[in-house]
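Spelled out, the chains give:
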Amino acid sequence: ATLNTAYDYQLTIPNYGSANATNVTATFTLPTGVTYNSASGTNSFSCSQSAGVVTCTGGSINSGASATLTVSVIPTASGNVVVNANAGEVDPNNTINETNESNNKTSESVTTSVSNTAPTIQASASTTALAMAAGAPTVADSPTPFAPSG
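Within any chain, residue numbers begin from 1 and follow the written order of that chain's sequence. Reporting in this predicted model follows two pLDDT cut-offs: at least 70 for local features of residues, and 80 or more for side-chain atom pairs to be given and counted; totals over whole chains, interfaces and linings ignore these cut-offs and use all residues. Just so you know, side-chain values use all the structure's heavy atoms and leave hydrogens and water out.

Q: Explain the environment of threonine 106 to me, please; I cannot follow it from the model alone.
A: A run of DSSP states H or I qualifies as a helix once it reaches four residues; a run of E qualifies as a strand once it reaches two. Both are numbered from the N-terminal end. Within the secondary structure, threonine 106 is located in the loop between strand E8 (88-90) and strand E9 (110-114). In this structure the C-alpha to C-alpha distance between threonine 106 and alanine 87, which are 19 residues apart in sequence, comes to 6.5 Å.

In structure tokens form, the structure reads like this:
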């Protein structure tokens, strides 16, 4: 990621249960070193941010399906931005009747390297290569409720 340039965390919320879920709430605690830019969701989720916590509410997820939340942040300093394990949580108030409450939080951390140099394009006679200063985070975190990626 590049300093002062927005990048996204994408959170996938699956419903592994046998019943449709309505009025679902999910939260995502922003890591240190970023400021909130925006958030949105599929499946009728409405998102807002307060005190470094993004809260998305009102979503519905059919059995066997999933919803996607996108949280855009802007890094404020060079270095590593670390999203801690348990930063994301589905149904934080336990209002949905489910058989396994223990799988409602993310279990992995994600580190994004932030530099103060924008990506540069280097051209050659036969090809154009994109040299990135840093990459976006990607985590496959199954079967937890959602995993940041970008």
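Q: Hey, could you run me through the packing of aromatic side chains in this one?
A: By convention here, two paired aromatic rings are described through the distance between centres and the angle between planes. Whether two aromatic rings pair depends on their centres lying within 6.5 Å, for rings of Phe, Tyr and Trp, where Trp uses its six-membered ring; planes under 30 degrees apart make the pair stacked, over 60 edge-to-face, and the rest tilted. Within this structure, the stated rule accounts for 2 aromatic pairs. Ring plane angle 65° and centroid distance 5.3 Å describe the contact between tyrosine 7 and tyrosine 9, whose orientation is recorded as edge-to-face. Neither residue differs from the other here; tyrosine 7 and tyrosine 9 are each classed as buried. Relative to phenylalanine 28, the ring of tyrosine 9 lies with its centre 5.5 Å away and its plane at 50°, an arrangement referred to as tilted. Here tyrosine 9, found in strand E1 (residues 7-14), pairs with phenylalanine 28, found in strand E2 (residues 21-29); they are 19 residues apart in sequence, far enough to count as distant. Exposure class is identical for tyrosine 9 and phenylalanine 28. Each is buried. Burial classes follow relative accessibility: with a 1.4 Å probe on protein chains only, a residue under 20% of its type's maximum area counts as buried, one over 50% as exposed, and anything between as partly exposed.

Q: Whenever I open this one, the state of the cysteines confuses me. Can you help?
A: A covalent bond between the sulfur atoms of two cysteines is referred to as a disulfide. Disulfides are defined in this document as cysteine sulfur pairs within 2.5 Å. With the rule as written, the count across this model stands at 1 disulfide. The residue that forms a disulfide with cysteine 47 is cysteine 56, at a sulfur-sulfur distance of 2.2 Å. Between cysteine 47 and cysteine 56, the disulfide has an S-S torsion of 110° and is therefore right-handed. Exposure remark for cysteine 56: the relative accessible area of 2% places this residue in the buried category.

Nothing here speaks to function; it is geometry throughout.
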